[in-house]
Amino acid sequence: MRRRPLRSASFVRPTASTPSRRLRAHVEQVSPPLRETSRAFWESPSIGSLYPSYLEGAHGIVRAAVPLMETAIARLEAGEPDALTSPLIDYFRTHAEEETGHLDWLDDDLRALGVSVEDVQARAPSGTVAGLVGAQHYWIEHHHPVALLGYFVVLEGNPTPVAWLERLSDRTGIPRKALTFLIEHARSDVGHERELDDFIDTLPLQPAHLELLETSIAWTVEQVARFFRELLVARRETAAAS
């Protein structure tokens, strides 16, 4: 999902020694394929016809977000407590509340394009979407729920500026009422990256935690890049068959 830098004048990046800085550096290291495929997607001459499939894939990801956090909370509450248990429970509860209603934005976008939300919900998400979300479930249940923060490091923050989305609508003909999800994220996610970085830097993370977070980040980047690549490939195959 496209993310363009959006920084306030007062934003100060963490120092190089902080965990969040290490994780952001890891994102930069593993992200070139994602930047390439997402740019190819959003700049495609076929973006108008690709966009409904993007929304359907995003729907599969977003409708899993709150259940992921609920699973993490349940695992933290049921497991042997450690120094991360209490702060992670508080963070996931607050973040789950913030995510409530985001699926409604996607539903509105799909309806604005004449796509049946019920049909989208009835279709099984792709293996790529299932793999993106499913890996988090595995790490939550079978290792440590802190892995979910790596997922958020990639997917949260750096929202696409509203002005860019408005230009996208003007350039492609995608109606602005079908861009609700992206526009509302652009408005509500301002500052989320810094908040997440600040939270990560308050946690007593051990080297094993950081390694898990880097694994989660790398997997998330890889799967999101694959998501965009599959959308582009499907479009080319459809065009070749017509």
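Details of the structure are given in the entry above.
No experiment lies behind these values; they were computed from the predicted model shown. (Residues numbered from 1 in each chain as written. Predicted model: local features only at pLDDT ≥ 70, side-chain atom pairs only at ≥ 80, totals over all residues. Heavy atoms only, no water.)

Draft legend 1. Spotlight on the overall build of the protein. A tally of regular secondary structure across the protein gives 13 helices and zero strands. Along the protein, helices and strands appear, N-terminal first, in the series α-α-α-α-α-α-α-α-α-α-α-α-α. When the 242 residues of the protein are sorted by exposure, 48% land in the buried category. Across the protein, the fraction of contacts at a sequence separation of at least 24, relative to all contacts at a separation of at least 6, is 85%. (Helix = DSSP H or I, 4+ residues; strand = E, 2+ residues; numbered from the N terminus. Buried < 20%, exposed > 50% of the residue type's maximum accessible area, 1.4 Å probe, protein only. Contact = heavy atoms within 4.5 Å.)

Draft legend 2. Highlighting the packing of aromatic side chains. The final tally for this structure, using the stated rule, is 14 aromatic pairs. Relative to W42, the ring of F41 has its centre 4.9 Å away and its plane inclined at 85°; by these criteria the two rings are edge-to-face. Each member of the pair, F41 together with W42, is buried. Look at F41 and Y54: their rings are 5.8 Å apart centre to centre, the planes differ by 40°, and that puts the pair in the tilted class. Taken together, the positions of F41 in helix α2 (residues 32-42) and Y54 in helix α3 (residues 47-62) put the pair 13 residues apart, joining distant regions of the chain. Side by side, F41 and Y54 carry an identical accessibility label, which is buried. (Phe/Tyr/Trp six-rings, centres within 6.5 Å; stacked < 30°, edge-to-face > 60°.)

Draft legend 3. Local environment of helix α9 (residues 147-155). The buried fraction of α9 amounts to nine of the nine residues, a majority that puts the element mostly inside the structure. Looking only at α9, the buried set comprises A147, L148, L149, G150, Y151, F152, V153, V154 and L155.

Draft legend 4. Spatial organisation of a negative patch on the surface. A surface patch of like charges, here negative, comprises E97, E98, E195 and D198. Of all the secondary-structure elements, those providing two or more residues to the negative patch are α5 (85-99) and α12 (192-202). Mapped onto the secondary structure, D198 falls in helix α12. D198 gets classed as partly exposed once you look at its relative accessible area, which sits at 42%. (Patch = residues over 30% accessible without salt bridge, like charges linked within 9 Å, V, L, I, M, F, W, Y side chains within 5 Å. Areas by Shrake-Rupley, 256 points an atom, 1.4 Å probe, with all protein chains shown as cover. Salt bridge = Lys/Arg side-chain N within 4 Å of Asp/Glu carboxyl O. Lys, Arg positive; Asp, Glu negative; His and termini not counted. Charge placed at Lys NZ, Arg CZ, Asp CG, Glu CD.)

Draft legend 5. Region of interest: the side chain of H185. The residue H185 is located in helix α11 (residues 180-188) in this model. Residues within four places of H185 in sequence aside, it is in contact with H102, W105 and P159.

Draft legend 6. Seen up close, the nonpolar core. In terms of nonpolar packing, the biggest core is built from 71 residues, with W42, Y54, F92 and L149 touching the most fellow members. The element best represented in this core is helix α13 (residues 207-241), accounting for eleven residues. (Core = buried A, V, L, I, M, F, W, Y, C linked by side-chain atoms within 4.5 Å.)

Draft legend 7. Seen up close, the environment of H59. Inspection of the secondary structure puts H59 in helix α3. Exposure remark for H59: the relative accessible area of 0% places this residue in the buried category. Residues contacting H59, with those up to four places away along its chain left out, are L103, L106, D107, L110, V117, V120 and Q121.

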